Amino acid sequence: MSDKPWLIKDTRFCWTGYPLEAMGDGVRYYYLLQLGYYFHLVIAQLVEERKKDFWEMFVHHLATITLVLFSYLTNFVRIGTLVLLVHDISDPIMEAAKLANYSQLGAVPDVMFAIFAVVFGTSRLYVYPKYVIYSAMYESLAEVGYFRSWYIFNGLLILLLCLHCFWFYLILRMVVQFVRHGTIKKDARSDTADDSDDDTSATAAVDDDGDDDGDAAGVAAAARSPVRKRRSKRAD
């Protein structure tokens with residue numbers, strides 16, 4: 001999809017020729033993969049032990065599935081690919097931070113988490129509202145005119161933005177805790193709803209549901225806690 005003009009030139013191309021835009025095989029396969037991935041997240045969340053942010057995650061997954069299906073059926077696939085790409089861009093960095101943590105690579109997990117936090121905040125709280133939501137709310141009206149589903153589509157986009165702000169708040173809170181104390185005492189989301197223990201659950205922070213939003217806060221705790229716990233056990 002790297003040759004698509006709405007990805008590399010101007011977001012106004014998302015609306016050129018709508019609703020008679022042709023959907024290429026690359027876009028169609030990308031949509032199907034994303035749809036399957038988020039359905040898997042919903043199923044996994046229902047069968048696994050509940051986290052404290054169960055409902056936030058559940059609303060996020062349902063909103064994303066609704067957006068994917070809605071944009072596919074109404075042929076909003078160009079703007080839809082932008083939404084999906086903005087959400088995907090921080091995933092490789094998050095997984096790299098986890099691998100570095102498992103491999104006990106010293107300060108590498110901390111560096112990877114810092115990069116992840118910057119990319120997450122930039123992509124979700126700057127690029128997403130400035131370019132994607134702006135295009136969906138204003139450029140669509142300029143290029144296509146008013147359409148009935150405008151409110152539904154943009155309402156779901158704004159809902160996702162609110163969830164991004166919530167998760168980025170958790171990330172910043174854990175960053176501040178790390179700067180002040182040199183460690184993460186408690187993972188903001190990895191504990192279960194009935195868990196009253198104040199210690200970080202490093203295993204839960206790393207071995208979560210695989211979603212970048214839910215793991216966003218957990219990666220901070222995962223970045224260093226396991227290594228330090230092993231060292232303290234050896235010292236004892």
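Up top is the structure.
Summary of the structure given here.

Criteria and thresholds
- Residues numbered from 1 in each chain as written.
- Predicted model: local features only at pLDDT ≥ 70, side-chain atom pairs only at ≥ 80, totals over all residues.
- Heavy atoms only, no water.
- Core = buried A, V, L, I, M, F, W, Y, C linked by side-chain atoms within 4.5 Å.
- Buried < 20%, exposed > 50% of the residue type's maximum accessible area, 1.4 Å probe, protein only.
- Helix = DSSP H or I, 4+ residues; strand = E, 2+ residues; numbered from the N terminus.
- Contact = heavy atoms within 4.5 Å.
- Patch = residues over 30% accessible without salt bridge, like charges linked within 9 Å, V, L, I, M, F, W, Y side chains within 5 Å.
- Areas by Shrake-Rupley, 256 points an atom, 1.4 Å probe, with all protein chains shown as cover.
- Salt bridge = Lys/Arg side-chain N within 4 Å of Asp/Glu carboxyl O.

**Quick notes on the nonpolar core**
Okay, step 1: In this structure, Phe76, Ile79, Tyr128, Phe153 and Leu157 are the most contacted members of the largest nonpolar core, which totals 52 residues.
Okay, step 2: If you list the elements that add at least two residues to this core, you get helix 2 (25-47), helix 3 (54-73), helix 4 (77-88), helix 5 (91-102), helix 6 (108-143) and helix 7 (150-181).
Okay, step 3: Here this core takes eleven residues from helix 7, the largest share from any one element.
Okay, step 4: With sequence-adjacent residues up to four places away left out, Ile79 is seen in contact with Cys14, Trp15, Val132, Ser135, Ala136 and Phe153.

**Quick notes on a nonpolar patch on the surface**
Okay, step 1: A cluster of nonpolar residues, Ile43, Leu46 and Val47, forms a patch on the protein surface that exposes about 320 Å² of accessible area.
Okay, step 2: By the element assignment, Val47 lies in helix 2.
Okay, step 3: For Val47, a relative accessible area of 65% corresponds to the exposed category.

**A look at the pattern of salt bridges**
Okay, step 1: Enumeration according to the criterion identifies three salt bridges in this entry.
Okay, step 2: For Asp10, the salt bridge goes to Arg12, with nearest N and O atoms at 2.7 Å.
Okay, step 3: With a relative accessible area of 21%, Asp10 lands in the partly exposed category.
Okay, step 4: A residue is classified by how much of its surface remains accessible, and Arg12, at 44% relative accessible area, is partly exposed.

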